[in-house]
Amino acid sequence: MLKIKTPKTAKAKREVEKRAPKLVENGKKTLILQGTKTSNVLNVVLTELYHLKRGNAIRYTRKNENIRPFESGGETSLEFFSLKTDCSLFVFGSHSKKRPNNLVIGRTYDHHIYDLVEVGVVHFKTMESFSYDKKLAPRVGSKPFFAFIGEGFESVEELKHLKEVLLDLYRGEVVENLNLAGVDRVYVCTAMSSNTVFFTHCALRLKRSGTVVPRMELVEVGPSMDLVVRRHRLPNDGLRKEAMKTAIQKPKKKVKNVSGDVIAGTIGKIYMPDQQVGGIPLSNNAKGLKRERREGKMKKEKNSQESKKQKVDSE
């Protein structure tokens, strides 16, 4: 039987709560790791992918012998690392004679493999090979644009799947409002054929256009490469339906000192400070005092009239 460990410290409890299911999930992190054999080109590719996703990625540099995607039993270690690092995306690099400069990009659901896309890297250019004004360098944490050029992204199944995985890989935190001043880069993906995509990273340069809307120019800053789709595996319909479930409505914001009861309905708590009624001075203009003086005057007049009657009767 599996041994269930419970957190014993407050810090461990907070970490467990962070990983618990939520109606609004946290941003996805990416795990970048490699197999037993890699090439120099592939090492640079993995390093630059890590720099592009700095802050939302974890890089493993040790060799992993037991990871073999698309094979039965070869994904157990990958799922273990996903659970250990709490990463929902992964990029695995390997190099062999049959599949040189091989990249496997995949997603996990409940820390189990959801889908996989295997691509080969061809004609790779590093960031250092591009010369440009360093003021145009994209800032860390900025939101990128994505441009998909070509009909293959809508008609070819492999390219449609690659488009979906790339968008999930680079989108980062999901935000509702966006400041255009922070949009300073764009990823351009061009479908060259039914299985080849030209991938490049560009910076946005704003120039005068004579109107309120500036004219935008693209400056290639790297990296740049051709991605050749080799294999891909889609999730089954049942798993896809389960993973795509969303909450019907967002949870209501908790109101302080208000609770609900089935019988009494809404119950509220009101804080009342201690009142020192006896020590409160009363002003002369209070209506209560005026009423008391009026009633006292009427009572005095009534008593005087009664005393006069008694005198007359006695005479």
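Everything here concerns the structure above.
Residues numbered from 1 in each chain as written. Predicted model: local features only at pLDDT ≥ 70, side-chain atom pairs only at ≥ 80, totals over all residues. Heavy atoms only, no water.

Chemist: Can you walk me through helix H3 (residues 76–85) in this structure?
Modeler: Note: α-helices contain 3.6 residues per turn, so residues at a spacing of three or four share the same orientation. Among the residues of H3, those classed as buried are Leu 78, Glu 79, Phe 81, Ser 82 and Thr 85. Down the axis of H3, the buried side of the element spans an arc of 160°, and every buried residue falls inside it. Every exposed residue of H3 that faces more than 90 degrees away from the buried side is listed here: Thr 76 and Lys 84. In this structure, the buried residues of H3 make contact with helix H1 (10–19), strand S1 (30–34), strand S2 (57–63), strand S3 (89–94), strand S4 (102–109) and strand S5 (112–125). Downstream of H3 by one or two residues, Asp 86 has phi in the positive range, about 60°. (Buried < 20%, exposed > 50% of the residue type's maximum accessible area, 1.4 Å probe, protein only. Helix = DSSP H or I, 4+ residues; strand = E, 2+ residues; numbered from the N terminus. Arc of directions from axis to C-beta. Contact = heavy atoms within 4.5 Å.)

Chemist: Is there a simple way to explain the nonpolar core in this structure?
Modeler: Grouped burial of nonpolar side chains is what soluble globular proteins tend to show. Formed by 30 residues in total, the largest nonpolar core has its most connected members in Val 91, Leu 103 and Tyr 170. Put simply, the parts of the chain that give this core at least two residues each are helix H2 (40–52), S3, S4, S5, helix H5 (157–170), strand S7 (185–191), strand S8 (196–207) and strand S9 (215–233). No other element matches the six residues that H5 contributes to this core. In this structure Tyr 170 touches Leu 49, Leu 52, Lys 53, Pro 144, Phe 146, Tyr 187 and Phe 199, once residues within four positions along its chain are discounted. Of all hydrophobic cores here, the second largest spans 12 residues; its members include Leu 31, Phe 70, Cys 87 and Phe 92. (Core = buried A, V, L, I, M, F, W, Y, C linked by side-chain atoms within 4.5 Å.)

Chemist: How should the packing of aromatic side chains be read in this particular structure?
Modeler: Aromatic ring pairs: the centre-centre distance and the angle between the two ring planes describe each pair. Using the criterion set out here, one finds nine aromatic pairs in the structure. Summarising the aromatic geometry, the rings of Phe 146 and Tyr 170 are spaced 6.1 Å apart at their centres and angled 45° between planes, so their arrangement reads as tilted. Remark: Tyr 170 occurs in helix H5 and Phe 146 occurs in strand S6 (residues 145–149); sequence separation between them is 24 residues. The class of Phe 146 is partly exposed, set by a relative accessible area of 22%. Each residue in the set Phe 146, Phe 148, Phe 153, Tyr 170, Tyr 187 and Phe 199 is aromatic and connected to the rest through ring pairs, giving one cluster. Here Lys 163 stacks its cationic end above the ring of Phe 148, 5.3 Å away from the centre of that ring. Note that Arg 231 overlies the ring of Phe 70, its terminal NZ or CZ placed 4.4 Å from the centroid. (Phe/Tyr/Trp six-rings, centres within 6.5 Å; stacked < 30°, edge-to-face > 60°. Lys NZ or Arg CZ within 6 Å of the ring centre and 35° of its normal.)

These figures come from the coordinates and say nothing about function on their own.
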